[in-house]
Structure formats: C-alpha cells, structure tokens
Amino acid sequence: MLAARLICVGKLGEKFWAAACAEYEKRLSAYCKLEIVELPEQRLPQSPSQGEIAAALQKESALIEAKIPAGAAVIALCVEGKPLSSEQLAGYLGGLTVSGTSRVCLIIGGSCGLADSVKARAALRLSMSAMTFPHHLARVMALEQLYRALNIAAGGKYHK
C-alpha cells in the first residue's frame, strides 16, 4: 500500500477545514497510509521585506526537509508548477508504484510559498491552478485530488 505524507506549513484554524480534511483522510484510508504533518509558519511583519520573506522561507524549508521520508517521491504544490488533470495525476502516481516507489510526499507551503530548495528537491512541481488559494483550501484540494487519483487508478467510480 502506498504511503503518502502531506507536509503543510500552517495549521488548520477553522473547524470546517478540519472536517473536510477528515472526510478525505477517511476515504483515503482504503487506498494509502496517509500521514499529515503540520509545521509552524514563520511570523512576518505586516509589510515584510524580500530579505525577511527569504529568511522565513529558509527556516520553513529546513523544517520541511527534515520531514521528507527517505526514498519518497516529492511533489511540491506551487503556482509555477505543472497543471495535471486528475487522470494524469493518477497515471503519475501509478508510474511511481510500478517503478518501485512506495512513498510519496506532497508539500504545501505557507502564505509565502515554498523555498527554491524545496522546489528543486521535488520530482514533480504541481500547480492546482493559476489562481491563488488559501493554504487551508489547498490542503483540502490536495487531499481530494489524491483521493480522486488513487480511486481512478483502482478503477473506482468516484471520478466522472
């Protein structure tokens, strides 16, 4: 069974985000062993300088990289990434398992995104949209798409 780790910078605040994530965690239990790791977002002043943002991203990247499992295929969710259809994501994940990779690690950055070092480590840079979403919603969307992709790969009927 695929082991999937979702590393998220920032915590879920509102109960509705947590409820949505819990629903997909439950659904995913049939397809993978899922672990969600929440890391603290670095605090920044109201109008941070580029240097302050870079320093915050560097601190977050050290925390992220420490949580990436050895041998995992890393998927960084970032706006400059490649957009994939749900079927293409299913094919990508299927290709990983066929090649012997049993671990995947998806990474969602905080409000300032991800450090270049984290993106460089990724086997896939994935964009969910050219639009900007709050990272809480991105977490729900990532879990839903992971569920959809694994359901497609298993020949399920969730995807229409």
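Above this note sits the structure.
The paragraphs below set out a description of the structure included in this document. None of these values were measured; they are calculated from a predicted model. (Residues numbered from 1 in each chain as written. Predicted model: local features only at pLDDT ≥ 70, side-chain atom pairs only at ≥ 80, totals over all residues. Heavy atoms only, no water.)

Strand-to-strand pairing in sheets goes through backbone hydrogen bonds, with the strands running parallel or antiparallel. Taking strand neighbours across the sheet as the criterion, the 5 strands line up as S2-S1-S4-S3-S5 in an open arrangement whose pairing is parallel. In the strand order of this sheet, the two ends are held by strand S2 (32-39) and strand S5 (124-127), each with one partner. Across the sheet, the axes of successive neighbouring strands diverge by a mean angle of 30°, strand direction being ignored. Here strand S1 (residues 2-9) runs beside S2; their pairing, made up of 8 bridges, is parallel. Across the sheet, Ala3 pairs through a bridge with Lys33, a residue of S2. Its contacts with the sheet place helix H2 (residues 50-67) against S1, S2 and strand S4 (103-108), and it is angled at close to 165° to S1. (Pairing = 2+ DSSP bridges. Helix = DSSP H or I, 4+ residues; strand = E, 2+ residues; numbered from the N terminus. Axes fitted to C-alpha atoms, helices over the stretch in contact; angles between N-to-C directions. Contact = heavy atoms within 4.5 Å.)

Another point: the packing of aromatic side chains. In total, this model carries 3 aromatic pairs according to the counting rule given. Their ring planes at 50° and their centres at 6.3 Å tell us that Tyr24 and Tyr147 sit as a pair that is tilted. Of this pair, Tyr24 sits in helix H1 (residues 15-28) while Tyr147 sits in helix H5 (residues 135-153), and the two are 123 residues apart along the sequence. The buried category is assigned to Tyr24, whose relative accessible area is 15%. Between Tyr31 and Tyr147 the ring centres are 5.7 Å apart and the planes differ by 65°, which places this aromatic pair in the edge-to-face class. With Tyr31 in the loop between H1 and S2 and Tyr147 in helix H5, this pair connects stretches of sequence that are 116 residues apart. Given the relative accessible area of 10%, Tyr147 is considered buried. Grouped by ring-pair contacts, the aromatic residues Tyr24, Tyr31 and Tyr147 constitute a single cluster. (Phe/Tyr/Trp six-rings, centres within 6.5 Å; stacked < 30°, edge-to-face > 60°. Buried < 20%, exposed > 50% of the residue type's maximum accessible area, 1.4 Å probe, protein only.)

For Trp17, the location among the structural elements is in helix H1. Distance in space between the C-alpha atoms of Trp17 and Gln50 is 30 Å, their sequence separation being 33 residues. Side-chain polar atoms of Trp17 contact the side chain of Glu14, separated by 3.2 Å. (Polar contact = N/O pair within 3.5 Å; in protein donor to acceptor, adjacent residues only side chain to side chain.)

Where strand S3 (residues 73-83) lies against S4, 5 bridges are found, and the strand directions are parallel. Looking at the pairing, Ala73 lines up with Val104 of S4. Remark: the S3/helix H3 (residues 86-98)/S4 crossover connection has right-handed handedness. As judged from the 5 bridges shared by S3 and S5, these two strands associate in the parallel manner. For Ala76, the partnering residue across the bridge sits in S5 and is Arg125. (Right-handed = clockwise from strand over helix to strand, strands pointing away.)

Take the environment of Leu96 next. Structurally, Leu96 is set in helix H3. Judged by relative accessible area, Leu96 falls into the buried class, the value being 12%. For the pair formed by Leu96 and Glu38, sequence separation is 58 residues and the distance between their alpha carbons is 25 Å. When sequence neighbours within four positions are dropped, the list of residues in contact with Leu96 reads Ala73, Thr101 and Val104.

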